[in-house]
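In case you want the letters, here they are:
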Amino acid sequence: MTESRRLPVAWESDVFCARAHAAAVARQAGLDAYAVAEFETAVSELAGNILHHAGAGEVWLRLFPDRIEVECLDRGPGFAGTAGRPPYGLGAGLRGVQRLLGRVAWGDRPGGGAWVRGVRPLPVRRVPRAGPPGGPSPEARVAVAMKPRRGEAASGDVALCRAERGEVLVAVLDGLGHGEAAEEAALAAGRALLGSLGCDWPELLAAGHEAARPTRGAVAGILRLRSGRAFYAGVGNVGCLDLRSGRRFTGLPGCLGASLPPARAEAVGDGRE
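Keep in mind that this is a model prediction, so the values were computed, not measured.

Enquirer: Explain the sheet that holds strand β10 (residues 218–226) here, please?
Expert: Adjacent strands of a sheet form backbone hydrogen bonds with each other and so pair up, either parallel or antiparallel. The antiparallel open sheet is built from five strands, whose spatial order is β8-β9-β10-β11-β14. Looking at the sheet topology across the chains shown, the edges are occupied by β8 (157–164) and β14 (266–268). On average, each strand axis in the sheet is inclined to that of its neighbour by 20°, with strand direction left out of account. Examined bridge by bridge, strand β9 (residues 167–175) and β10 share nine bridges and lie antiparallel to one another.

Enquirer: How should the environment of T41 be read in this particular structure?
Expert: The residue T41 is located in helix α2 (residues 33–54) in this model. The partly exposed category is assigned to T41, whose relative accessible area is 34%. The contact partners of T41, leaving out residues within four places of it in the chain, are R19 and L100.

Enquirer: Mind showing me how you'd approach the packing of aromatic side chains here?
Expert: Any two aromatic rings considered together are summarised by their centre-to-centre distance and by the angle between their planes. If you walk through the whole model with that rule in mind, you get one aromatic pair. Over the ring of F64 we find R67, and its NZ or CZ is 3.8 Å from the ring centre.

Enquirer: Is there a simple way to think about the packing of α2 against helix α3 (residues 93–101) in this case?
Expert: Any two packed helices are characterised by how steeply their axes cross, that is the angle between the axes, and by the distance between the axes. Viewed as axis vectors pointing N to C, α2 and α3 meet at an angle of 155°, and their least axial separation amounts to 9 Å. As summarised for this structure, α2 and α3 are arranged roughly antiparallel, according to the angle between their axes. The hand of the α2/α3 crossing is left-handed. Residues E38, F39, T41, A42, E45 and L46 of α2 form the contact with α3, whose participating residues are G93, L94, V97, L100 and L101.

Definitions and cut-offs
Residues numbered from 1 in each chain as written. Predicted model: local features only at pLDDT ≥ 70, side-chain atom pairs only at ≥ 80, totals over all residues. Heavy atoms only, no water. Pairing = 2+ DSSP bridges. Helix = DSSP H or I, 4+ residues; strand = E, 2+ residues; numbered from the N terminus. Axes fitted to C-alpha atoms, helices over the stretch in contact; angles between N-to-C directions. Buried < 20%, exposed > 50% of the residue type's maximum accessible area, 1.4 Å probe, protein only. Contact = heavy atoms within 4.5 Å. Phe/Tyr/Trp six-rings, centres within 6.5 Å; stacked < 30°, edge-to-face > 60°. Lys NZ or Arg CZ within 6 Å of the ring centre and 35° of its normal. Parallel < 35°, antiparallel > 145°, perpendicular 65-115°, else oblique. Left-handed = near helix turned anticlockwise from the far one by under 90°.

Right, here's the structure in full:
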């Protein structure tokens, strides 16, 4: 489900209004106080740019299950009519927004004016965990931390978690290389894995492999919680650590999209989820 808010920008007061709405959306998304401050600061900077460089425009705030997006549209001269190409030719503003949000894109609109779109990923939320039929449904707690390489808008790493069809699947994927092309490879394989939830291991891995073929490929670590037990399978150099026992699990040599090894899953822990 997507929630959108459109905020016109034509006066200084509109910039403060956009900042307030950004803070409200960030809190609604569950971000902590520090992340809320980062997001509202980025939106304030972008709304101020509309006013100062174009005179008028609008800010769109969109809340998705996995991210918040801010999109700014204006009716000014566009980037082609300014002093240089962002983020370097236009000062530190867009560079600062990129650091705050993690991913920023920009360009000129066909009918005139400019657009800027920023994306702030959201932490993976708690999801119901598969439990015994008729029994209580405890929660799986998942936390994700990642950081792109300096100068890159995307790290190339993707973490996914979904509970459905009586199981929980947690996957960590690393696209070959780094940057947006690597992220596209990881996302392509990850979407296929989630779409094959409930399938046996060979079919699950084959789905990710086929989806990654048109891309540069990705390595992956996959943990499945099903019927009271946990199993791990990996392709490439992604590992898993059982904190209770200290046991480490490693993937088989290979790469989704290039070389798929035989499906091999190992039981994790003592059989409990």
